[in-house]
Amino acid sequence: MSMKQFKDLNIGDKFTFNNIEYVRISDERISCCQVKNAALANDSTTKIQVPPLSEVEVND
């Protein structure tokens, strides 16, 4: 496992953020200031916003 900045992930990459596994999705703009860019790995309907410079854990 290694650490990467969220902005460096490709669409479809799985990663761990706050001890929960997510998958990187295409940006979905909610408002001028909010973009959903990650979904739970086991439930694609639950989406969150991860700041681009956040460090996330990925499998090598």
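Before any of the text, the structure's been laid out above.
Considerations on unusual backbone geometry
Right, so step 1: Not every positive phi belongs to a glycine, and N18 is a case in point at roughly 55°.
Right, so step 2: Mapped onto the fold, N18 is located in the loop between β2 (14-17) and β3 (20-29).
Right, so step 3: By relative accessible area, N18 is classed as exposed at 61%.
Right, so step 4: Phi at N19 takes a positive value of approximately 65°, unusual for a residue other than glycine.

Quick notes on the side chain of R24
Right, so step 1: Looking at the element boundaries, R24 is found in strand β3.
Right, so step 2: Apart from residues lying up to four places away in sequence, R24 is in contact with F6, L9, N10, I11, G12, D13, F15 and N37.

A short note on the nonpolar core
Right, so step 1: Core analysis: the largest hydrophobic core is formed by 10 residues, namely F6, L9, F15, F17, Y22, A38, L40, V50, V56 and V58.
Right, so step 2: Those elements that place two or more of their residues in this core are β2, β4 (35-40) and β6 (55-58).
Right, so step 3: For L9, the residues in contact, after removing those within four places along its chain, are K4, F15, R24, V56 and V58.

Describing the packing of aromatic side chains
Right, so step 1: Counted under the stated rule, the structure contains 2 aromatic pairs.
Right, so step 2: Geometrically, the ring pair formed by F6 and F15 is edge-to-face, given 5.4 Å between the ring centres and 70° between the ring planes.
Right, so step 3: When its relative accessible area of 2% is taken as the criterion, F6 is described as buried.
Right, so step 4: Note on F15: relative accessible area 1%, which makes it buried.
Right, so step 5: Pairwise contacts between aromatic rings join F6, F15 and Y22 into one cluster.

What counts, and at which threshold
Residues numbered from 1 in each chain as written. Predicted model: local features only at pLDDT ≥ 70, side-chain atom pairs only at ≥ 80, totals over all residues. Heavy atoms only, no water. Helix = DSSP H or I, 4+ residues; strand = E, 2+ residues; numbered from the N terminus. Buried < 20%, exposed > 50% of the residue type's maximum accessible area, 1.4 Å probe, protein only. Contact = heavy atoms within 4.5 Å. Core = buried A, V, L, I, M, F, W, Y, C linked by side-chain atoms within 4.5 Å. Phe/Tyr/Trp six-rings, centres within 6.5 Å; stacked < 30°, edge-to-face > 60°.

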